Amino acid sequence: MSDICTTLLVEKSLDASPEKAWKIVGDFDGWANWHPVVKMSVADGDHVGAIRILVLADGRRISDRLVAYDEAAMTYSYVVATEPNPLPVADYRATITVVPLVSGCSVRWEATFNTGKASAQSARESFTTLFSQGLDRLEDLLSVRL
């Protein structure tokens, strides 16, 4: 079975300042505070190389490694560090970026990963749902804090 490289982007425009959005999503260890699927998050920092362990609502644990972090540009990237990889994909890398707009901001969550032909569409749909759930919850949190 040959691998298919997939790129996925989910983006949400928010009626909040980029700084407020970044304060929430820019915290590599803070996912339990804003993503509804994450029940607990523990990281050893927000420096490149930091490891984060996420405990999901279904009890699964996933470890991520921070591979890029730029606070000034409001962006970071992470890869799955759990061995064996619990995701149905290989070579997963994701980036979260807060983009300032004239009014408010946009949060971009993009990922690249490899799958086999049979699972490419399923993986794409699963990650789109996961990213959308997180960005929808972020929007809810920011509308309460305005």
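Residues numbered from 1 in each chain as written. Predicted model: local features only at pLDDT ≥ 70, side-chain atom pairs only at ≥ 80, totals over all residues. Heavy atoms only, no water.

Draft legend 1. Seen up close, the sheet that holds strand 2 (residues 38-43). Across the sheet, which stays open at both edges, the seven strands sit in the order 1-7-6-5-4-3-2 with antiparallel pairing between neighbours. At either end of the open sheet lies a strand with only one pairing partner, and these are strand 1 (3-14) and strand 2. Shown here is a sheet whose adjacent strand axes are inclined to one another by a mean of 20 degrees, direction ignored. Across five bridges, strand 5 (residues 75-80) lies against strand 6 (residues 90-100) in antiparallel orientation. Across the sheet, residue threonine 75 finds its bridge partner in strand 6, namely threonine 97. Each of strand 1, strand 4 (61-70), strand 5, strand 6 and strand 7 (105-116) touches helix 1 (residues 18-25); the most contacted strand, strand 6, lies at about 150 degrees to it. (Pairing = 2+ DSSP bridges. Helix = DSSP H or I, 4+ residues; strand = E, 2+ residues; numbered from the N terminus. Axes fitted to C-alpha atoms, helices over the stretch in contact; angles between N-to-C directions. Contact = heavy atoms within 4.5 Å.)

Draft legend 2. Region of interest: the pairing of strand 4. Inspection of the sheet shows strand 3 (residues 51-56) paired to strand 4 by five bridges, in the antiparallel sense. Residue valine 55 lies in a different strand from strand 4, and its bridge partner there is arginine 61. Here strand 3 folds back onto strand 4 in antiparallel fashion, the turn holding four residues, of which glycine 59 has a positive phi close to 95 degrees. As defined by bridge partners, strand 4 adjoins strand 5 across six bridges and the pair is classed as antiparallel. Bridge assignment links arginine 65 to a residue of strand 5, and that residue is valine 79.

Draft legend 3. The nonpolar core, seen in detail. In terms of nonpolar packing, the biggest core is built from 40 residues, with Trp31, Trp34, Tyr92, Trp109 and Leu138 touching the most fellow members. Sort the elements by how many residues they give to this core and helix 2 (residues 120-145) lands first, with seven residues. Contact partners of tryptophan 34, with chain neighbours within four places excluded, come to Ile24, Val25, Ile96, Trp109, Gly134, Leu135, Arg137, Leu138 and Leu141. (Core = buried A, V, L, I, M, F, W, Y, C linked by side-chain atoms within 4.5 Å. Buried < 20%, exposed > 50% of the residue type's maximum accessible area, 1.4 Å probe, protein only.)

Draft legend 4. Focus on the environment of serine 41. Within the secondary structure, serine 41 sits in strand 2. With twelve residues separating them along the chain, serine 41 and aspartate 29 place their C-alpha atoms 5.7 Å apart. Those residues in contact with serine 41 that sit more than four places away from it in its chain are Phe28, Asp29, Gly30, Trp31, Ala32, Arg52, Ile53 and Leu54. In terms of polar contacts, serine 41 uses its side chain to reach the backbone carbonyl oxygen of aspartate 29, at 3.0 Å. (Polar contact = N/O pair within 3.5 Å; in protein donor to acceptor, adjacent residues only side chain to side chain.)

Draft legend 5. Molecular detail of a negative patch on the surface. Among the surface-exposed residues, Asp27, Asp46, Asp70 and Glu71 lie close enough to one another that they form a single negatively charged patch. Here glutamate 71 is to be found in the loop between strand 4 and strand 5. Residue classification places glutamate 71 among the exposed residues on the basis of a relative accessible area of 51%. (Patch = residues over 30% accessible without salt bridge, like charges linked within 9 Å, V, L, I, M, F, W, Y side chains within 5 Å. Areas by Shrake-Rupley, 256 points an atom, 1.4 Å probe, with all protein chains shown as cover. Salt bridge = Lys/Arg side-chain N within 4 Å of Asp/Glu carboxyl O. Lys, Arg positive; Asp, Glu negative; His and termini not counted. Charge placed at Lys NZ, Arg CZ, Asp CG, Glu CD.)

Draft legend 6. Structural detail: the environment of serine 106. Note on placement: serine 106 falls in strand 7. A distance of 2.6 Å separates polar atoms of two side chains, one belonging to serine 106 and the other to glutamate 11.

Draft legend 7. Examining helix 1 more closely. Buried within helix 1 are the following residues: Pro18, Ala21, Trp22, Ile24 and Val25. Each buried residue of helix 1 lies within a common arc of 160 degrees when the element is viewed along its axis, so the set occupies one face. The outward face of helix 1, more than 90 degrees from its buried face, is lined by the exposed residues Glu19 and Lys23. (Arc of directions from axis to C-beta.)

Draft legend 8. Main features of the pattern of salt bridges. Applying the stated criterion across every chain, the model contains six salt bridges. A salt bridge links aspartate 136 to lysine 12; its shortest N-O distance comes to 3.0 Å. Note that aspartate 136 is positioned in helix 2 and lysine 12 in strand 1, a separation of 124 residues in sequence. When its relative accessible area of 35% is taken as the criterion, aspartate 136 is described as partly exposed. Among the salt bridges present, the one from arginine 60 reaches aspartate 58, with a minimum N-O distance of 2.8 Å. Residue classification places arginine 60 among the partly exposed positions, given a relative accessible area of 41%.

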